[in-house]
Amino acid sequence: MPDFHSQRLHQRIEPDRAVPNGQKTRSSTGIIVSYTLLTALALLFIAPIAFMLVASFKPDDLVLSQAGTIQGFIPVPASTQNYRDVFDRVNFSQFFLNSILITSLVVLAGLLVNSLAGYAFARLRWRGRSILLLVVLALMIIPFEAIAVPLFFQITLLGWRNTYLAQILPFIANAFSIYLFYTFFVALPKELEEAARIDGASTIRTFFEIIVPISKPVFATVAILTFLTQWGSFLWPSMVTIDERVRPLPVAIASFQTLPPIQWGDIMSFGVMMVAPILIVFLAFQKWFVAGVASTGTKG
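Residues numbered from 1 in each chain as written. Predicted model: local features only at pLDDT ≥ 70, side-chain atom pairs only at ≥ 80, totals over all residues. Heavy atoms only, no water.

*Asks:* How would you explain the pattern of salt bridges if you had to name every residue and give the values?
*Replies:* Enumeration according to the criterion identifies three salt bridges in this entry. A salt bridge links Glu 193 to Arg 123, with the shortest nitrogen-to-oxygen separation between them at 2.5 Å. With Glu 193 in helix 10 (residues 191-198) and Arg 123 in helix 5 (residues 92-123), this residue pair connects regions lying 70 residues apart in the sequence. Pair check on accessibility: Glu 193 and Arg 123 agree, each one buried. Here Arg 205 ties to Glu 209 by a salt bridge, and the two come within 3.1 Å at their closest N and O atoms. Here Arg 205 pairs with Glu 209, and both are found in helix 11 (residues 203-211), just four residues apart, close to one helical turn. (Salt bridge = Lys/Arg side-chain N within 4 Å of Asp/Glu carboxyl O. Helix = DSSP H or I, 4+ residues; strand = E, 2+ residues; numbered from the N terminus. Buried < 20%, exposed > 50% of the residue type's maximum accessible area, 1.4 Å probe, protein only.)

*Asks:* Explain the packing of helix 9 (residues 175-185) against helix 12 (residues 216-231) residue by residue, including any values.
*Replies:* For the pair helix 9 and helix 12, the least separation of the axes is 10 Å and the interaxial angle reads 165°. Put simply, helix 9 runs roughly antiparallel to helix 12. For the pair helix 9 and helix 12, the sense of crossing is right-handed. Side by side, helix 9 and helix 12 meet where Phe 176, Ser 177, Leu 180, Phe 181, Phe 184 and Phe 185 of the first sit next to Val 218, Phe 219, Thr 221, Val 222, Leu 225 and Thr 226 of the second. (Axes fitted to C-alpha atoms, helices over the stretch in contact; angles between N-to-C directions. Parallel < 35°, antiparallel > 145°, perpendicular 65-115°, else oblique. Left-handed = near helix turned anticlockwise from the far one by under 90°. Contact = heavy atoms within 4.5 Å.)

*Asks:* Outline unusual backbone geometry, listing residues and values.
*Replies:* Put simply, Pro 260 and Pro 261 share a cis peptide bond, and its omega is -10°. Relative to the assigned elements, Pro 261 resides in the loop between helix 14 (249-256) and helix 15 (264-284).

*Asks:* Before we move on, could you go through the side chain of Ser 215 and cite the residues and values that matter?
*Replies:* Residue placement: Ser 215 occurs in the loop between helix 11 and helix 12. Judged by its relative accessible area of 0%, Ser 215 falls in the buried class.

*Asks:* Describe in detail helix 6 (residues 129-139), supporting the description with residues and values.
*Replies:* Those residues of helix 6 not exposed but buried are Arg 129, Leu 133 and Val 136. Within helix 6, the buried residues cover an arc of 55° as seen down the axis, which keeps them to one side. Exposed side chains of helix 6 directed beyond 90 degrees from the buried face belong to Ile 131 and Leu 134. (Arc of directions from axis to C-beta.)

*Asks:* Got a sec to walk through the packing of aromatic side chains? Specific residues and values, please.
*Replies:* Summed over all chains, the structure comprises 20 aromatic pairs. Ring centres of Phe 92 and Phe 96 lie 6.1 Å apart, and the angle between their planes is 25°; this geometry places the pair in the stacked category. Placement of both Phe 92 and Phe 96 in helix 5 is noted, with a separation of four residues, approximately one turn of the helix. Here Phe 92 falls in the buried class, since its relative accessible area comes to 4%. On the basis of an interplanar angle of 85° and a centroid distance of 5.1 Å, the ring pair of Phe 92 and Phe 270 is categorised as edge-to-face. (Phe/Tyr/Trp six-rings, centres within 6.5 Å; stacked < 30°, edge-to-face > 60°.)

*Asks:* How would you summarise the nonpolar core if you had to cite specific residues and measurements?
*Replies:* Residues Phe 185 and Phe 270 are the most contacted members of the largest nonpolar core, which totals 43 residues. The leading source of residues in this core is helix 5, at eight residues. Once residues lying within four places of it in the same chain are set aside, the contact partners of Phe 185 are Ser 115, Gly 118, Tyr 119, Ala 122, Arg 123, Phe 207, Ile 211, Ser 215 and Phe 219. Counting eleven residues, the second largest nonpolar core, distinct from the first, contains Ile 102, Val 106, Ala 166 and Ile 172. (Core = buried A, V, L, I, M, F, W, Y, C linked by side-chain atoms within 4.5 Å.)

*Asks:* Explain helix 7 (residues 144-158) to me, using residue names and the numbers behind them.
*Replies:* The first and last C-alpha atoms of helix 7 sit 20 Å apart over 15 residues, in line with the 21 Å expected at 1.5 Å per residue. The set of residues buried in helix 7 consists of Ala 148, Leu 151, Phe 152 and Ile 155. Elements in contact with the buried residues of helix 7: helix 8 (164-168) and helix 13 (235-240). Gly 159 sits one or two positions beyond helix 7 and adopts a positive phi of about 75°. (Expected span 1.5 Å × (residues − 1).)

Shown next as structure tokens:
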């Protein structure tokens, strides 16, 4: 009489033996085709960044002459002169610090404000909550260009033009970020909060000590999306900034491209130093970003 473990082992391997060879072949072929297509798409998206990185180390006359050829992706000859030229021609350090300051404050303040708003919509019950939630959802479909001019006049009347405040304050509260937090919080088990209230914890304490520690994926998702949007923002900074003292990188590189003499190697170097922080942030929080996108897309 066969023992229990032998029966379990037989049950596990029996389905594999029952799969026809033709079906296994089709499955393997599908996997190969999928990976081939994904690899081709990955190379398609990586190619511009790779070309920009390689071109940033090449002499200016080779950047355009080798564009569109295999030689354009070969870093020969290589030199760091282009990077030194960028720092010599413009105040790159000031632009970089401006972008770091503005983006960091928008991300950090946005995480606090939008998470509290999303928690209030998802877990608290108060008069007018449903109507205000519909207003937040409606704001998601309004493009920023539609409110840029009225917002510009308001900033000018307040005397905030050409300041850091004008580039930070209007972007802290974000309807899409609130919605992401809302969809994540609304699916959390209520037993966690009920246990905290029984222990005498207030709503704020429950949020920061119970909800926040288990919500790292959605916080990482919102942080990355906010960082990407704010770091690459061009329209609004070009409207409210006048001098280099508060000008961020996107506006600075637009001016740098027209600064005579036009050196494409220097422009590529500027672009690399502007894109590098985005890649670093994304790679550092990639795991949390993927988990956050999956959770906010399936919950609620």
